[in-house]
Amino acid sequence: MSSESLRIVWIYPDLLSTYGDRGNALILARRARQRGMPVEVLEVRSDERLPATADIYLVGGGEDGPQALGAQRLLADGGLHRAVAQGSVVFGVCAGYQLLGTSFFAKGVQCRGLELLDLYSDRGESRAVGELAGEIDPRLGLPPLTGFENHGGRTHLGPEVSPLARVTAGVGNDSATEGAWRGKLLGTYSHGPALARNPALADLLLRWATGAHQLPPLDDTWSDRLRNERRSAVAAARA
Ligand code: GLN
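Predicted model only: the values in this text are computed from it and were never measured.

Caption draft 1: Layout of the pairing of strand 5 (residues 103-106). Alignment of strand 5 against strand 6 (residues 109-112), held across four bridges, turns out to be antiparallel. Pairing of A106 across the sheet is with V109, part of strand 6. The hairpin turn running from strand 5 into strand 6, its antiparallel successor, is two residues long, and K107 in that turn takes a positive phi close to 50°.

Caption draft 2: A look at the site of the ligand. In the neighbourhood of the ligand, 16 residues make up the surrounding shell, with D64, C94, N150, G152 and G153 lying closest. The contact in question runs from an oxygen atom of the ligand to an N or O atom on the backbone of G62, over 2.9 Å. Out of a free accessible area of 300 Å², the ligand has 97% covered by protein chains. Breaking the shell around the ligand down by element, the ones donating at least two residues are helix 2 (64-77), helix 4 (95-98), strand 7 (119-136) and strand 8 (145-157). Broken down by element, the shell around the ligand gets its largest block of residues, four residues, from strand 8. Here the residues of the shell around the ligand are counted per class, giving three nonpolar, nine polar and four charged.

Caption draft 3: Just the pairing of strand 4 (residues 89-93), in detail. Burial analysis of strand 4 places five of its five residues in the buried class, the great majority of the element. With burial as the criterion, each face of strand 4 is covered, one bearing V89, F91 and V93 and the other bearing V90 and G92. Bridging between strand 3 (residues 56-59) and strand 4 involves four bridges; their strand directions are parallel. Each residue of the ladder has a partner; that of Y57, found in strand 4, is V90.

Caption draft 4: Layout of the side chain of D55. Positionally, D55 belongs in the loop between strand 2 (39-44) and strand 3. One buried charged side chain, D55, makes no salt bridge at all; its nearest oppositely charged neighbour is R7, positioned 6.1 Å away. A distance of 2.7 Å separates a polar side-chain atom of D55 from the backbone nitrogen of R7.

Caption draft 5: Broad picture of the pattern of salt bridges. Throughout the structure, instances matching the rule amount to 13 salt bridges. The salt bridge partner of D203 is R31, with a shortest N-O separation of 2.8 Å. In this pair, D203 sits in helix 6 (residues 199-210) while R31 sits in helix 1 (residues 23-34), placing the two residues 172 residues apart along the sequence. Of the two residues examined, D203 and R31, each falls in the buried class.

Rules of the game
- Residues numbered from 1 in each chain as written.
- Predicted model: local features only at pLDDT ≥ 70, side-chain atom pairs only at ≥ 80, totals over all residues.
- Heavy atoms only, no water.
- Pairing = 2+ DSSP bridges.
- Helix = DSSP H or I, 4+ residues; strand = E, 2+ residues; numbered from the N terminus.
- Near = heavy atom within 4 Å.
- Polar contact = N/O pair within 3.5 Å; in protein donor to acceptor, adjacent residues only side chain to side chain.
- Areas by Shrake-Rupley, 256 points an atom, 1.4 Å probe, with all protein chains shown as cover.
- Nonpolar A, V, L, I, M, F, W, Y, C, P; charged D, E, K, R; others polar.
- Buried < 20%, exposed > 50% of the residue type's maximum accessible area, 1.4 Å probe, protein only.
- Lys, Arg positive; Asp, Glu negative; His and termini not counted.
- Salt bridge = Lys/Arg side-chain N within 4 Å of Asp/Glu carboxyl O.

Structure follows, in structure tokens:
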């Protein structure tokens with residue numbers, strides 16, 4: 001951690017925040033505070049400079065136009081690149097995941113990404129909309145991923161990133177893999193918001209940010225209920 005409190009930046013709430021992705025900041029802050037960590041959540045709009053010294057950066061989903069604009073502003077700002085070079089954690093969702101790669105398509109135009117992850121996105125034949133589920137890379141030691149996806153893009157991973165999960169329902173990157181991670185950077189197509197539906201993933205980001213090997217367990221009765229409900233809905237839809 002870079003200062004007394006855990007600093008979480010929610011990047012461009014005015015552009016990148018579909019399907020309640022703001023909930024990811026709320027969940028991280030709550031789970032950190034429940035462990036006694038002081039937390040600061042900074043909401044940085046697209047007309048503001050991005051501080052480069054925060055611990056965790058969240059980039060949410062967005063429609064094509066805001067996604068392209070968000071990527072341009074982040075490239076021009078340079079703060080996220082400096083933060084990554086200093087070891088900050090980055091969590092990107094959908095548009096926020098695609099723009100961490102080398103390029104993506106928005107409104108039929110190929111746009112430059114931030115080149116922080118070795119991947120690129122093109123367009124699929126149809127939109128991927130619905131429940132998304134997968135078995136997460138065993139090296140991360142997390143329970144199955146659950147989420148909601150809504151995207152036209154398909155993502156292709158290069159050799160320098162690992163898939164976050166193997167898809168068991170939905171599309172994710174390409175119907176086989178979902179999301180990607182490298183070091184302390186992680187992206188997913190999962191909305192929901194993702195960290196409400198996958199609190200163990202929130203705790204992974206907190207561990208990466210604090211360097212803690214383990215965090216005290218929390219009462220996850222409600223999130224377990226939500227996870228079980230969504231996972232049985234997926235199973236019922238397949239039966
Ligand atoms: N605009 C992107 C796509 O459709 C991302 C959408 C999203 O963030 N939900 O692929």
